[in-house]
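Structural overview
Residues per chain are reported as follows:
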Amino acid sequence: MSVEGLRKEEIDIDVTPNRPDLLDIVGFARALRNYMHFHEKLVYKIDSNEIAATITVDKSVENVRPYISSFVVRELNLDDKKLKYIINFTEKFSETFGRKRGKLAMGLHDFSKVKGNLKYEAVPGGRFVPLNSSKEMEIEEIMSSHKKGGLYKHTISGSLYPVLQDQIGIMSLIPIINSDRTKVTKDTKEMLVDITGTSKYIVEKAADLFACMFIDLGAKVEKVNIKYDKKSISTPKMEQKIIEIKPGRIEDHIGAAIGFNNILSLATKMGYKGVFVNNKIRVFVPPYRLDVINEQDVIEDIAIGYGYGYIHPLPIFSEISGGSLDYKTNMNRKIIELMLGLGFSEANNNYLTNEKINFQMMRIKEGPHVEIKESKTESITMLRTWLLPSLLSNLGSSAHERMPQKIFELDMVFNIKGEEVEESHHLAGVYAAPRVNFNEIKSIIESIFDSLGISYEIKEEKMESFIEGRCAKIESKLLNGFFGELHPEVIRNFGIIEPTVAFELSLPY
Amino acid sequence: MHKYLASILKLLQKEKKASIEKIVEETGLSKDAVIWAISELESKGLVSIKKGSSESIYFSEEGKSYAEGKLPEEELLERISKENVKVSELSPKERIGLQWLKAKGLVDIKEGFLIKKENTKDAEIEEGKVLRLLFSKPEDISIIRSNYKDAFENLLKRKLISIKSKEYIESVEITKSGESEKIEDSEEIGELSKEIIESSIWKKASFKKYDIKIPVAAAIGAKRHPLRSFIDEIKNAYLSMGFKEISGPIIEPSFWVFDSLFVPQDHPAREMQDTFYLKNPGKINLKDKKIVGKVKAMHEKAWHINWYEEIAEQAVLRTHTTSVSARFIYALKNNLKEMNKISGVTPLMLFSIGRVFRNESIDYKHLAEFYQTDGIIIGTGLTLSNLFYILKKIYQKIGIEIRFKPSYFPFVEPGVEVDILHNGEWFELGGAGMIRKEITDIVSKKINVLAWGLGVERALMVKDPSIKSITELFNSNLGWIRNKVIL
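Residues numbered from 1 in each chain as written. Chains lettered and ligands numbered in written order. Predicted model: local features only at pLDDT ≥ 70, side-chain atom pairs only at ≥ 80, totals over all residues. Heavy atoms only, no water.

Section: the overall build of chain B
A count of helical and extended segments in chain B gives 22 helices and 15 strands. Along the longest, intermediate and shortest principal axes, the C-alpha atoms of chain B span 100 × 95 × 40 Å. The burial tally for chain B puts 47% of its 487 residues in the buried class. Nonlocal contacts in chain B, meaning residues at least 24 apart in sequence, comprise 68% of its contacts between residues at least 6 apart. When the accessible surface of chain B is summed, it comes to about 24,800 Å², and 51% of that surface belongs to carbon and sulfur atoms. (Helix = DSSP H or I, 4+ residues; strand = E, 2+ residues; numbered from the N terminus. Buried < 20%, exposed > 50% of the residue type's maximum accessible area, 1.4 Å probe, protein only. Contact = heavy atoms within 4.5 Å. Areas by Shrake-Rupley, 256 points an atom, 1.4 Å probe, with all protein chains shown as cover.)

A short note on the nonpolar core
Within soluble globular proteins, side chains that are nonpolar generally end up buried alongside one another. Judged by nonpolar contacts, the single largest core of 86 residues is most densely connected at A:Ile254, B:Phe243, B:Leu384, B:Leu391, B:Ile394 and B:Trp452. Top contributing element to this core by residue count: helix H19 (residues 384-398) of chain B, with eight residues. B:Phe243 has contacts with A:Gly323, A:Ser324, B:Tyr238, B:Met349, B:Leu350, B:Phe351, B:Ile376, B:Ile377, B:Ile390, B:Ile394 and B:Trp452, leaving out every residue within four places of it along the chain. Membership of the second largest hydrophobic core comes to 40 residues, among which are B:Trp256, B:Tyr277, B:Phe411 and B:Ile439. (Core = buried A, V, L, I, M, F, W, Y, C linked by side-chain atoms within 4.5 Å.)

Looking at the sheet that holds strand E2 (residues 47-59) of chain B
By definition, the strands of a sheet pair up through backbone hydrogen bonds, in either a parallel or an antiparallel sense. Residue and element names in this part refer to chain B. Sheet architecture is open: three strands sit in the order E1-E5-E2, paired in antiparallel fashion. Each edge of the sheet is formed by a strand with only one pairing partner; in this case those strands are strand E1 (17-18) and E2. As paired strands, E2 and strand E5 (residues 161-174) are joined by 13 bridges and run antiparallel to one another. What sits directly across from Ser 53, in E5, is Glu 167. The sheet strands contacting helix H3 (residues 31-43) are E2 and E5, and the helix crosses E2 at an angle near 130°. (Pairing = 2+ DSSP bridges. Axes fitted to C-alpha atoms, helices over the stretch in contact; angles between N-to-C directions.)

Structural notes on the sheet that holds strand E17 (residues 280-285) of chain A
Residues and elements named next belong to chain A. Pairing within the open sheet is antiparallel, and its three strands lie in the order E15-E17-E16. The open sheet has two free edges, formed respectively by strand E15 (241-245) and strand E16 (273-277), since each of these has just one partner strand. Across the sheet, the mean angle separating the axes of adjacent strands is 25° when strand polarity is ignored. Pairing geometry for E15 and E17, over five bridges, is antiparallel. If you follow Ile 245 over to E17, its bridge partner there is Ile 281.

Observations regarding the packing of helix H13 (residues 226-240) of chain B against H19(B)
All names here are of chain B. Contact geometry for H13 and H19: axes closest at 9 Å, N-to-C directions at 135°. One way to sum up the angle between H13 and H19 is to call them oblique. Crossing angle aside, the handedness with which H13 passes H19 is right-handed. When H13 is examined against H19, the residues Phe 230, Glu 233, Ile 234, Ala 237, Tyr 238 and Ser 240 are found in contact with a partner set consisting of Ile 394, Lys 397 and Ile 398. (Parallel < 35°, antiparallel > 145°, perpendicular 65-115°, else oblique. Left-handed = near helix turned anticlockwise from the far one by under 90°.)

Brief notes about the interface of chain B and chain A
Contacts between the two partners involve 87 residues from chain B and, on the opposite side, 84 residues from chain A. Taking both sides of the interface into account, the surface hidden between chain B and chain A amounts to around 7,300 Å²; carbon and sulfur atoms contribute 54%. Three residues, B:Pro406, B:Glu413 and B:Leu478, lead the burial of chain B against chain A; their summed loss comes to 8% of the area buried on that side. Measuring nitrogen to oxygen at the nearest pair gives 3.0 Å for the salt bridge that ties A:Glu346 to B:Arg224. Where chain B touches chain A, the interface holds 53 residue pairs in polar contact (both at pLDDT 80 or more). Sheet topology note: the strand E20 (residues 371-372) of chain A/strand E8 (residues 278-280) of chain B ladder contains two bridges and is antiparallel. When the sheet's bridge partners are listed, A:Glu371 is paired in E8(B) with B:Asn280. (Buried area = accessible area lost by both parts, 1.4 Å probe. Salt bridge = Lys/Arg side-chain N within 4 Å of Asp/Glu carboxyl O. Polar contact = N/O pair within 3.5 Å; in protein donor to acceptor, adjacent residues only side chain to side chain.)

Some points on the domain arrangement of chain B
Considered domain by domain, chain B is made up of domain 1 (3-52 + 172-204), domain 2 (58-166) and domain 3 (228-250 + 318-483). Relative placement of domain 2 of chain B and domain 3 of chain B: their C-alpha centres are 63 Å apart. (Domains from an automatic or database assignment.)

Let's talk about unusual backbone geometry
The omega torsion across A:Thr235 and A:Pro236 is -5°, close enough to zero to call that bond cis. As for its placement among the helices and strands, A:Pro236 is situated in the loop between strand E14 (232-235) and E15. Going from A:Met403 to A:Pro404, the amide bond is cis rather than trans, its omega being -5°. Note on placement: A:Pro404 falls in the loop between helix H11 (388-397) and strand E22 (405-417). Backbone geometry at B:Lys159 places phi at a positive 60°, although glycine is not the residue there. Positionally, B:Lys159 belongs in the loop between helix H9 (149-157) and E5. Phi is positive for B:Phe262, which is not a glycine, with a value near 70°. A relative accessible area of 0% places B:Phe262 in the buried class.

Thoughts on the pattern of salt bridges
Any two side chains of opposite charge can pair, given that their charged atoms come close. Residue and element names in this part refer to chain A. If you walk through the whole model with that rule in mind, you get 64 salt bridges over all chains. For Arg 249, the salt bridge goes to Glu 295, with nearest N and O atoms at 2.5 Å. On the criterion of sequence distance, the pair formed by Arg 249 in helix H6 (residues 247-254) and Glu 295 in helix H8 (residues 295-306) is long-range, its members being 46 residues apart. Residue classification places Arg 249 among the partly exposed positions, given a relative accessible area of 33%.

Things to note about the pairing of strand E3 (residues 107-110) of chain B
All names here are of chain B. With four bridges joining them, E3 and strand E4 (residues 113-116) adopt antiparallel strand pairing. Pairing of Val 107 across the sheet is with Lys 116, part of E4. Connecting E3 to the next strand, E4, in antiparallel fashion are two residues, including Glu 111 with a positive phi near 50°.

Some points on the environment of A:Leu395
Residue and element names in this part refer to chain A. Along the polypeptide, Leu 395 turns up in helix H11. Counting along the chain gives 103 residues from Leu 395 to Glu 498, while the straight-line C-alpha distance between them is 9.8 Å. Those residues within four positions of Leu 395 in sequence are excluded, and the remaining contacts are Gln 405, Ile 407, Val 430, Ala 432, Ile 496 and Thr 500.

A few points about a nonpolar patch on the surface
Residues and elements named next belong to chain A. Nonpolar side chains collect at one region of the surface, where Leu 32, Tyr 35, Met 36 and Phe 38 lie side by side and expose about 410 Å² of accessible area between them. Residue placement: Met 36 occurs in the loop between helix H1 (25-35) and strand E3 (51-57). According to the relative accessible area criterion, Met 36 is exposed, its value standing at 55%. (Patch = residues over 30% accessible without salt bridge, like charges linked within 9 Å, V, L, I, M, F, W, Y side chains within 5 Å.)

Structural notes on a positive patch on the surface
Taken together, the side chains of B:Lys290, B:Lys294, B:Lys301 and B:Lys445 define a basic patch exposed on the protein surface. By the element assignment, B:Lys294 lies in helix H15 (residues 289-303). (Lys, Arg positive; Asp, Glu negative; His and termini not counted. Charge placed at Lys NZ, Arg CZ, Asp CG, Glu CD.)

Concerning the packing of aromatic side chains
Residues and elements named next belong to chain A. Under the counting rule described, the total for this entry stands at 27 aromatic pairs over all chains. When the ring of Phe 89 is compared with that of Phe 93, the centres are 5.8 Å apart and the planes differ by 65°; the resulting orientation is edge-to-face. Pair noted here: Phe 89 and Phe 93 are both in helix H2 (residues 80-95), with a separation of four residues, about one helical turn. You can call Phe 89 buried: its relative accessible area is 3%. You can call Phe 93 buried: its relative accessible area is 0%. (Phe/Tyr/Trp six-rings, centres within 6.5 Å; stacked < 30°, edge-to-face > 60°.)

Next up, the structure:
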């Protein structure tokens, strides 16, 4: 997380997506307390060995939404504010980290309203009264006409619906909506939390994260037994991952001399319990951290605790091998110089375009081209296959600037040759003036070839973009292209008001 | 007296009065030279210039289209003559026509239908006739105007035509003092010529002085595009620090943009709202199956979700140039020579700069494509402090102040946000960090890699406050390029 803005009484904080534990105020306050060494809390565990409930997982959920974790919260002392806060956070978590409830979602139930053992299964249909409603509804009806059914349709793909049920009936259509019967109110004393999703690891880790939150809220958490077909587990597991790192590795990675004791204190600051064992630092990753994969993540936290601002920039001592530019850059620079010398200014245009500009306005037939699947902008549908349409658009937008107008572009175009996409560089120039003709562009193109020392041949060419009989192709071993006087219709299509001549060459890279 | 002035004055002393054309003909001077000379003579009070004015007509877009076709009221009138027309079904153009017909009292509306009044004849819309007449014979404007005064005024009011008057010089007359002026052909040299240089006249003669304050037309020179020029500046900064330039494809399978960089397949950045997916080609086959297998294993182990090759094959426009860096890091696996060098003392320092794409709604602040520069340093024992040093140094060379903040990107750990100071406020320029071991271990357990991907346009806007929005940089308006200050 980082501070984004400071105002008189407000601070904007940006939380990065790898830290869902900081998305709620409780987790945020916990991180801040540890960071400031103020009422640190490094160890989270469940004291009671009591199993509050058992959920049997039916095989039918395997291909629907296979995993569930759960726990029971007692001694809650809810009030309106606390309840609103808990509900808001679970919603936010399921939306963001849970990818709109698809990957993960959680539900809350008044545990005193739950009767008998619980079952998690996928069913073709069923009836219950949805949350905040008085009317019993069929599942299909909820999916088609209830607001939540519409919102989260994407989470269900087959004809079976995952449900959590007790002896009385359906408690929740997962992850769409709970039943009104087990609704949590401010008078709720005990709460059952269910978390479901597509990844076993994430579903179970999320239970750890939420259990920590309830512990910080002063409640008591009890485990729930999850009975799968072959084995059963109790959640939250509250596992503390142990990572051992040599202190030298930390310093080598960050490039700062931090010191043994300092490292331990920095680890505490970032919420890890740490001890020295055999010249190594052993840190216990708190159960609410979902993002810590291995030592790199711990090293980063220690670097953050140390403060990026205090890390002194250190040069790299290396044998000087010397830099170099891509041969394309070197070649391009020479050509750009040449074009500037010929009086052409340099353009910088978009690669993205559409069929109207690339083909129709140029009076040519549509050929194969790279097409975009879905674009937020209507005028973007493809990548350009040549440069002239871009340059003619430039002239159109410059129609009232002084004449003569000369502009060139040296950049990429995209074509499809057979099955393969060909990304290549073209050079193109356009020249508009009250009196400009075929011979002027011919003299320019010949000057380019002569300056590059390339011998060439000029042949007749017919292209619909140009006036018939005023267009030619130029061929050589390295560069090939065409030039001529643009057809008046093309000139008008782009809103240009003067005669315009043009050339385009494909470069060998 | 300048010789041009002298020759014109001489002519006028004889003729008393002459047109410009006549002076050009008699003196053999160019028209520009004559105009300059007579204004000089006028300022000396030796001649007086008689000016006339002429009017020319201009047609608006609308006026032009009506002149080539018909006025909306003419069209509507014609339709009414042929069929029953309902007012509620009129097209926008016909509604304009109706306004004018009603104003002229040529039609009535009865029970929702348009009815032509009995005394209305088709030929009665004079504006149409006048408009077409003007369009075919614009030079007859003054005759047409006096013959059809009302219709002409109406066309002006409707903004279908407009008039611009232009001054021209009718004649030049000699004044009293001009007549008595004694003409001395002096030896003062005006324009220098090859003949004057070759002869020895200049040794004795004096040179006519120019008025250095006279406004002159601006020269039109060719210029580089400011963004392209800035990109070259960045390349030079890298080059001076020993970096090698690399490049890579714009169109990539998702694999090189996301999967190879440890971005999980359900990451929000991969959604169609943010990334351009392609219809043609829809997918690109992954060639190196060995690397694909390792990447699959790395994803499934770390992210605890299934990994699908079909998703990694989807063709996209790269969203960052880090795909180029990724290709080079993985390529090292098959390049022993380069690997040996790196595990010695010489880190491999590479950079790239190129276009990247985001599926954005375009407005004055957002573009769907822009530039990014990526850098990687591959070596052994590289540290976060080295990363800070290199980045500070590069941006120092470009003349930009940066700072570092903790941040998160799936492929780096530690992750760094690089901020840039713009008008006293810090803005995010991009991300940096040390490439995760999960990635580099696939290549070699010995190496580590420093990496960054930073924006280009924002940095230029910091350097050049005259650039107000990123869209300016992709317009290539010739006037903008010509007027751009380059320092």
